[in-house]
Each structure stands twice: as structure tokens, then as C-alpha cells.
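As a plain string of letters, each chain reads:
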Amino acid sequence: MDNKRRVLIVTYDGAQILDIACPSGALDIANRYGAEPPYSIELGTLGRRVARSSAGIVMGAGQGLETVVGRLDTLFVVGGVGCEDAASDERLLGQVRRLAGLSRRVASVCTGAYVLAAAGLLDHRRVTTHWGWGKQLAERHPAVAVDVAPLYIRDGNVYTSAGVTSALDLTLALIEDDHGPTLARAVARELVTYLHRPADQAQISMYLAAPPPEDRLVRDLVGHIAGHLAEDLTPATLAARAGVSPRHLTRLFTAHLGTTPTRAVRVARTEAAAHLVRSSGLSMAAVARRCGFGSAETLRQAFLDHYGYTGDRIRRMPDMPTVRVAPRQKTPGP
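Residues numbered from 1 in each chain as written. Predicted model: local features only at pLDDT ≥ 70, side-chain atom pairs only at ≥ 80, totals over all residues. Heavy atoms only, no water.

Asks: Sorry if this is basic, but what is going on with helix α6 (residues 166-179) here?
Replies: In an α-helix, one turn spans 3.6 residues; hence positions three or four apart end up facing the same way. For α6, with 14 residues, the first-to-last C-alpha span of 20 Å sits near the 20 Å given by 1.5 Å per residue. Summarising burial for α6: eleven of the 14 residues are buried, a large majority. Along α6, the residues classified as buried are Ser-166, Ala-167, Leu-168, Asp-169, Leu-170, Thr-171, Leu-172, Ala-173, Leu-174, Ile-175 and Asp-178. (Helix = DSSP H or I, 4+ residues; strand = E, 2+ residues; numbered from the N terminus. Expected span 1.5 Å × (residues − 1). Buried < 20%, exposed > 50% of the residue type's maximum accessible area, 1.4 Å probe, protein only.)

Asks: Whenever I open this one, the packing of aromatic side chains confuses me. Can you help?
Replies: The description of an aromatic ring pair rests on the distance of the ring centres and on the angle between the ring planes. One pass over the full model with this rule turns up two aromatic pairs. Arranged with centres 5.5 Å apart and planes meeting at 85 degrees, the rings of Tyr-114 and Trp-133 form a pair that is edge-to-face. Residue Tyr-114 is found in helix α4 (residues 112-118), and its partner Trp-133 is found in the loop between β8 (126-127) and α5 (134-140); the two are separated by 19 residues along the sequence. Among the residues examined, Tyr-114 registers a relative accessible area of 1% and is labelled buried. The exposure class assigned to Trp-133 is partly exposed, which follows from its relative accessible area of 26%. Between Phe-303 and Tyr-307, the aromatic rings sit 6.3 Å apart at their centres with planes inclined by 45 degrees, giving tilted as the arrangement. Each member of the pair, Phe-303 as well as Tyr-307, carries the same accessibility label: buried. (Phe/Tyr/Trp six-rings, centres within 6.5 Å; stacked < 30°, edge-to-face > 60°.)

Asks: Can you help me understand the environment of Asp-215 in this one?
Replies: Following the sequence through the fold, Asp-215 ends up in the loop between α7 (181-191) and α8 (216-227). Look at Asp-215 and you get partly exposed, because its relative accessible area is 22%. Through-space distance from the C-alpha of Asp-215 to that of Leu-257 is 10.0 Å; in sequence the pair is 42 residues apart. With residues near it in sequence (within four places) discarded, Asp-215 still touches Leu-252 and His-256. Among the polar contacts made by the side chain of Asp-215, one reaches the main-chain amide nitrogen of Val-218 at a distance of 3.0 Å. (Contact = heavy atoms within 4.5 Å. Polar contact = N/O pair within 3.5 Å; in protein donor to acceptor, adjacent residues only side chain to side chain.)

Asks: Can you walk me through the pairing of strand β11 (residues 158-161) in this structure?
Replies: For a regular strand, side chains alternate in direction, first toward one face of the sheet and then toward the other. Where burial is concerned, the two faces of β11 agree: the one with Val-158 and Thr-160 and the one with Tyr-159 and Ser-161 are both buried. Relative to β11, strand β7 (residues 103-108) runs parallel, the two being bridged by three bridges. In the sheet register, Val-106 faces β11, and the bridge partner there is Val-158. Here strand β10 (residues 152-155) pairs with β11 via four bridges, running antiparallel. The partner of Ile-153 across the bridge, within β11, is Thr-160. (Pairing = 2+ DSSP bridges.)

Asks: When you look at the sheet that holds β7 in this model, what are you seeing that I'm missing?
Replies: In any sheet, the strands associate via hydrogen bonds between backbone groups, in a parallel or an antiparallel arrangement. Judged by pairing direction, the sheet is mixed, and its seven strands sit side by side in the order β5-β2-β1-β6-β7-β11-β10 without closing on themselves. A single partner strand is all that each edge strand has here, and the edge strands are β5 (63-64) and β10. In this structure, strand β1 (residues 5-10) lies alongside strand β2 (residues 39-45), joined through six bridges in parallel fashion. Bridge pairing links Ile-9 to Leu-43 in β2. Relative to strand β6 (residues 72-77), helix α3 (residues 90-101) is tilted by about 150 degrees, and along the sheet it contacts β1, β6 and β7. α6 rests against β1, β2, β6, β7, β10 and β11 of the sheet, and its axis sits at about 150 degrees to β11. (Axes fitted to C-alpha atoms, helices over the stretch in contact; angles between N-to-C directions.)

Asks: Would you explain the environment of Arg-6 in this entry?
Replies: Residue position: Arg-6 is located in strand β1. Counting along the chain gives 176 residues from Arg-6 to Thr-182, while the straight-line C-alpha distance between them is 22 Å.

Asks: When you look at the environment of Leu-238 in this model, what are you seeing that I'm missing?
Replies: Tracing the chain through its elements places Leu-238 in helix α9 (residues 235-242). Leu-238 gets classed as buried once you look at its relative accessible area, which sits at 1%.

Asks: Honestly, the pairing of β7 in this entry has me stumped. Any pointers?
Replies: With respect to burial, β7 is a largely interior element, five of its six residues being buried. Two elements, β6 and β7, share five bridges in a ladder whose sense is parallel. Its bridge partner lying in β7, Thr-74 is registered against Arg-105.

Listed below in C-alpha cells is the structure:
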């Protein structure tokens, strides 16, 4: 195996099967498209026991973690509903620490970050995980800088990815690092997926969309807005991107979304910010920057207009607030 890139995927009972399938499937396709050196993909568990995924599918491990020796190219630790039990298993954590020392790079998928954090491998690093689990991870491991905004993050030789299918984006990035963009694009085409989403695209944006507009131009712009909230999204910039005039852009948005481009951008930013406030420990100023607001006060006003609540109130609410039916009315003067 000296001429192969040896990849070990660590799994356990309750793992999410997509967390395993995304990286292993992409690497397998890279091999078929001529990756040189090719990837050698192994699935490992403690004691080489079979592992039952959260979907009930039983997976036979090719390796017992205790018996793995020699250099590894990449160590993947997957996530899933079993992550908390895995993160409290001292035998598993000990093996993960040992194997990380044998690896050129270490990666987690989704809540696999819980296992890496419990093993002490994420201290003083910036990491990401699934947006719904980030706040708990940050509270449990204060030495870890948790940022649930991006799809994946590289900090040194440690890579962490967001929820489930973002592992595909991470793996495509690793393939590109190893073999160049041509092979990564070929793998993405084979998988019929994006070519490929950048690391800093907001993972939360995928939860904002109503049914996509039928018009292709409007649909493409809505996707661009959701993935680039912190960038210049003025009507003039969006119109230039679409190759139409600002006036025609407004007509298209009004016809297909029932709102103007400016209002559509503000709603997308506000809803993304609300999700980020609820799923992370980021300050309001940091959330404002991530989502394209000029200041925490501007974000506060957007929350009041859209939901009728401040960000602090939204953070404490048990569920996401509903959108106001009517705009907030200003209190009349004396």
C-alpha cells in the first residue's frame, strides 16, 4: 500500500451512513477517474466489530482500530446520533488520538467533531459542525472555536465539515488538493453535484428557501444570494451578474417572488442571522458581519421588522420565531 493514499474512516453504532458514503464514494470515483496515487479506503471500528448505522444498516468493518499501524494519509471520523456515546468511549478516544498521530491530515464529518473534540484534537482550533449542534459543542469544549457558518473549515492539518452532505464538498476539496481541479470536477460531474461549493458558503442558507422560483435567472440569483450573504448584493450588482438592467431585475423579482431584490436580500440575511443566533454562540456583531449587516444595531432593527423580537429574545426562544404578518409599527409621538 506504499503507493496509495491510505484513508481510514472511523465509525461506530449510531453513525449516519451518509457520513460514510459521501467521502468513500467520492474517493472511489476519484480512483476510477485515474487518481494517482489512488486512495485505499478502509472502514474501522473498535475490535473490528460490525456497526449498526442510525438507519439500521449493519456495516462490517475492514479494520480493528487497535490493529492499524503504519502511516495514514487521511483519518475521517464520522458523525450521527451515536456521536455522544462515541465521544464518551475512552477506548475509542484513545485510538482516535493514536491514529491522528499517524495521519497526514484528520477530518470530521458533521458531529464527528464531537469525537475529535473529546479526544482533545480540536483545542485552540477553529472548527465547524452541523448548525444544530454547534452551540452545544462550544459549551462543552470552551477551548474549541466553533463556527457553524461555513460548510467546512481547515485549520492546520485538521478539517471539519458541517452537516452530512457537506462531507462531499470537503472531500472534493481534498481531491482537488491532492490531484488538482480537473479530477475534482470530473468526480463532481459523476456525482451530479455542485462543482463544488466553496468552504465559506453558509451552511445555514440551505434551510431558508421556499419552493424555488420557476424562472431560471431568478432561481440562480436566489441561490447566489443565499450562499454569499456577506457580499455586495445591491440590485445593481445582482443585475450585472444576471446580465439584465436593474429595472428588469425588479420586474422579474416582483413577478416570481412577490418582492423587490432589496427586500429579498434583507429577508435572506435576516433569516440566516436568526438561524445562526440560535445555533451558535457568536456575538450579535459577529452574526451581523457573517450575514451582511453593517452593524449589530442594523441586525437588531432587521429582527424587529421581520420577527418583532430582538436577537437576544430569539436566542432564548425554544423554537424559531414566526415571521410577522405586518411590518412593525412605530410608536406614535406625543
